[in-house]
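A closer look at the structure
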Amino acid sequence: MFEDAGMQKNADIGKLKSLVDHIHAATPLNPKEFTEYVDYFSNRYFNPDGSQTYTLDGLKFRTNPTDQAEKAEIEAVLFKQVQSPDMVLKALLIILYRFRNNLFHGEKQMVNIEGQITNFIVANHILKMMLEKMKHLGMFN
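A brief structural summary. (Residues numbered from 1 in each chain as written. Predicted model: local features only at pLDDT ≥ 70, side-chain atom pairs only at ≥ 80, totals over all residues. Heavy atoms only, no water.)

Topic: the nonpolar core
- By size, the foremost hydrophobic cluster in this structure holds 37 residues, and its most contacted members are Phe41, Tyr45 and Ile126.
- Only α2 (13–26), α3 (35–45), α4 (65–78), α5 (85–104) and α6 (117–136) provide two or more residues apiece to this core.
- Among all residues touching phenylalanine 41, those that are not within four sequence positions of it are Leu78, Leu92, Ile95, Leu96, Phe99, Asn119, Val122 and Ile126. (Core = buried A, V, L, I, M, F, W, Y, C linked by side-chain atoms within 4.5 Å. Buried < 20%, exposed > 50% of the residue type's maximum accessible area, 1.4 Å probe, protein only. Helix = DSSP H or I, 4+ residues; strand = E, 2+ residues; numbered from the N terminus. Contact = heavy atoms within 4.5 Å.)

A few points about the packing of aromatic side chains
- One pass over the structure, following the stated rule, counts four aromatic pairs.
- Judged by centre distance (5.0 Å) and plane angle (70°), the rings of tyrosine 40 and phenylalanine 41 are edge-to-face.
- The partly exposed category is assigned to tyrosine 40, whose relative accessible area is 22%.
- The interplanar angle of 10° and the centroid separation of 6.1 Å between the aromatic rings of phenylalanine 41 and tyrosine 45 together place this pair among those described as stacked. Of this pair, phenylalanine 41 and tyrosine 45 both sit in helix α3, four residues apart, which is roughly one turn of that helix.
- What links up through ring pairs into an aromatic cluster is the set Tyr40, Phe41, Tyr45 and Phe99. (Phe/Tyr/Trp six-rings, centres within 6.5 Å; stacked < 30°, edge-to-face > 60°.)

Notes on the environment of alanine 11
- For alanine 11, the position within the fold is in the loop between α1 (2–7) and α2.
- With a relative accessible area of 13%, alanine 11 lands in the buried category.
- For alanine 11 and tyrosine 97, which are 86 residues apart along the polypeptide, the C-alpha to C-alpha distance reads 8.2 Å.
- With residues near it in sequence (within four places) discarded, alanine 11 still touches Glu3 and Tyr97.

Notes on α4
- The end-to-end C-alpha separation of α4 is 20 Å, in line with the 20 Å expected for 14 residues at 1.5 Å each.
- Listing the buried residues of α4 in full gives Asp67, Glu70, Lys71, Ile74, Ala76, Val77 and Leu78.
- Of the surrounding secondary structure, the elements contacted by the buried residues of α4 are α2, α3 and α5.
- By the N-cap criterion, in which a side-chain oxygen at the helix start approaches the backbone nitrogen of a residue two or three places on, α4 is capped by asparagine 64, the distance to threonine 66 being 3.1 Å. (Expected span 1.5 Å × (residues − 1). Polar contact = N/O pair within 3.5 Å; in protein donor to acceptor, adjacent residues only side chain to side chain.)

Structural data, given as structure tokens:
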């Protein structure tokens, strides 16, 4: 539903960022609505001392400049160096996009799927929030 209405059935990071810009321009985002999700992913990807856990590499960022820039954006949000709500939401959606690609393109093994349940729950909460914002803006036929 999200990919159909918001991404014209073909998701990519540029479209995700444009969608966030559109939503933020129409109805300014509230940074507090993302706090629990930022905290969840921050705790997932970084130890209390700030060192990276193994799981950030699980998002499979390639070495090209675009992927590395996206990774840096996510890290800045998760370290709370960047707190503008549009940038926060973009980082969260990039994480979900990486989950989606890793799951549907074979990077996640079914044997380890049980360890992904909390990720799915959090992802669904974020997607539900996005769908509600999109509905409010009349983006559904």
